[in-house]
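One-letter residues, chain by chain:
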Amino acid sequence: MGSSDWRKLDESDVRIRPGKSTRPRSKQRPAHADASTAMVIGKDRGRWTCALDGDPERVVTAMRAREMGRVSVVVGDTVGIVGDVSGKTDTLARIIRVDERTSVLRRTADDTDPFERVVVANAAQLLIVTALADPQPRTGFIDRCLVACYTGGLQPILCLTKADLASPDALMAGYAGLDVPVVVSRHDEEPEGLDERLKGRVTALVGHSGVGKSTLVNRLVPTASLAVGVVSAIGKGRHTSVAAVALPLPNGGWVIDTPGIRSFGLAHVTADDIVLAFEEFAAAAEECPPGCGHLGPPDDPDCALDDVVAQGAAKADRLTSLRRLLASRAGTET
Ligand code: ZN
């Protein structure tokens with residue numbers, strides 16, 4: 001297996017194969033057909049916090065059943081759980097199934113772990129929180145988030161904070177070609193229209209420190225600090241870095257905060273994966289020379305995407321945006 005192949009491997013690629021256990025199954029065990037369905041809302045040291053039927057009032061702690069092996073179970077996953085699902089203190093249920101994911105976000109590989117593991121599953125949206133000033137917006141970061149959305153199956157939303165310090169116009173103009181929804185907030189105001197966009201949906205949040213993400217989470221979920229405390233208390237006395245935690249919105253839906261995640265992994269993403277998210281260019285990309293990076297001249301002088309614009313079948317600013325995302329894929333900015 002070449003290096004490019006092992007990079008693509010991920011524990012989430014492992015399929016569950018029931019019935020391979022050599023240990024005979026006791027008849028007292030609950031039949032898996034009776035498994036309850038739950039949403040994973042927290043994960044800490046081999047224990048998963050799950051909301052039965054997605055109900056934030058019915059929280060159960062579970063371990064991964066032995067027959068699951070090391071299959072990945074992450075925040076946002078829909079799982080089947082059996083055993084004691086009462087949620088009473090000191091009870092522990094077992095996760096026996098992870099349903100197919102509708103979307104994935106992977107974190108970047110780092111020194112302690114060379115794999116880009118899935119950290120959030122099934123989020124419908126990603127809220128990319130960026131300050132307009134103090135700190136300055138980093139378009140490279142936004143672009144990488146957008147690529148993670150387009151290739152992971154999420155709808156991006158740009159949330160621009162601190163509009164009292166700088167105008168959002170220039171930044172918004174840079175993304176006009178992508179039709180990304182934008183919400184703008186000042187430090188003393190609720191972000192306009194944000195509640196409506198989040199209501200009833202599962203939305204992951206990402207942003208660097210100092211952009212106002214924590215303030216935003218506390219506004220959206222008044223009990224957020226309490227909920228995080230509960231999850232963190234599982235590992236009390238030891239340092240824990242919470243990878244992601246799902247918090248219930250008062251009017252339905254969830255926000256998934258990603259405190260330890262500074263950027264999303266894109267090493268597994270190819271240039272063609274990104275182009276596929278731009279329908280009007282997808283067919284033309286197949287006419288490109290083999291290995292075309294679709295960046296256009298001078299890197300890819302024979303790229304067919306320019307023809308699509310020349311023929312009037314796509315807007316030039318869409319291609320400009322697409323190529324900026326393609327360039328950001330290989331970038332190192334976090
Ligand atoms: Zn091309």
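Remember, predicted model here, so these are calculated numbers, not experimental data.

Focus on the sheet that holds strand S12 (residues 245-248)
- Across the sheet, 6 strands lie side by side as S10-S9-S8-S11-S13-S12; this open sheet has mixed pairing. Two strands lie at the open edges of the sheet, namely strand S10 (182-184) and S12, each paired on one side alone. Each neighbouring strand pair of the sheet contributes to a mean axis angle of 25°, computed without reference to strand direction.
- Judged from the 4 bridges that link them, S12 and strand S13 (residues 254-257) form a sheet pairing that is antiparallel. Across the sheet, the residue bridging to Val245 is Asp257, located in S13.
- Running at roughly 180° to strand S8 (residues 125-131), helix H2 (residues 139-152) makes contact with S8, strand S9 (155-161) and strand S11 (202-206) of the sheet.
- Taken strand by strand, helix H5 (residues 213-220) contacts S8, S9, S11, S12 and S13, and its axis lies near 155° from that of S11.

Observations regarding the sheet that holds strand S3 (residues 59-64)
- One closed barrel holds the 5 strands; their spatial order is S1-S2-S3-S5-S4, and the pairing between them is mixed. Within this sheet the neighbouring strands show an average axis-to-axis angle of 55°, counted without direction.

Considerations on the packing of aromatic side chains
- Counted under the stated rule, the structure contains 1 aromatic pair.
- An angle of 70° between the planes, with centres 5.6 Å apart, marks the rings of Tyr150 and Phe278 as edge-to-face. In this pair, Tyr150 is assigned in helix H2 and Phe278 in the loop between helix H7 (271-276) and helix H8 (279-285), connecting sequence segments 128 residues apart.
- By relative accessible area, which is 22% here, Tyr150 ends up partly exposed.
- One cation-aromatic arrangement involves Arg324 over Tyr175; the distance from NZ or CZ to the ring centre is 4.7 Å.

Description of the coordination of the zinc ion
- Every protein donor of the zinc ion is accounted for by Cys288 (SG), Cys292 (SG), His294 (ND1) and Cys303 (SG), and the metal-donor separations fall at 2.1 to 2.4 Å.
- Angles of 102 to 116° at the metal separate the 4 donor atoms of the zinc ion, which places the site in the tetrahedral class.
- Motif for the zinc ion, donor spacing along one chain: C-x3-C-x1-H-x8-C. Note that Cys292 is positioned in the loop between H8 and helix H9 (305-310) and Cys303 in the loop between H8 and H9, a separation of 11 residues in sequence. Here Cys292 and Cys303 have matching classes, each one buried.

Reading the values: rules and limits
- Residues numbered from 1 in each chain as written.
- Predicted model: local features only at pLDDT ≥ 70, side-chain atom pairs only at ≥ 80, totals over all residues.
- Heavy atoms only, no water.
- Pairing = 2+ DSSP bridges.
- Helix = DSSP H or I, 4+ residues; strand = E, 2+ residues; numbered from the N terminus.
- Axes fitted to C-alpha atoms, helices over the stretch in contact; angles between N-to-C directions.
- Contact = heavy atoms within 4.5 Å.
- Phe/Tyr/Trp six-rings, centres within 6.5 Å; stacked < 30°, edge-to-face > 60°.
- Buried < 20%, exposed > 50% of the residue type's maximum accessible area, 1.4 Å probe, protein only.
- Lys NZ or Arg CZ within 6 Å of the ring centre and 35° of its normal.
- Donors = N, O, S within 2.8 Å, 3.2 Å for Na, K, Ca; no water.
- Tetrahedral: all angles 85-135°; square planar, octahedral: opposite > 155°, others 65-115°.

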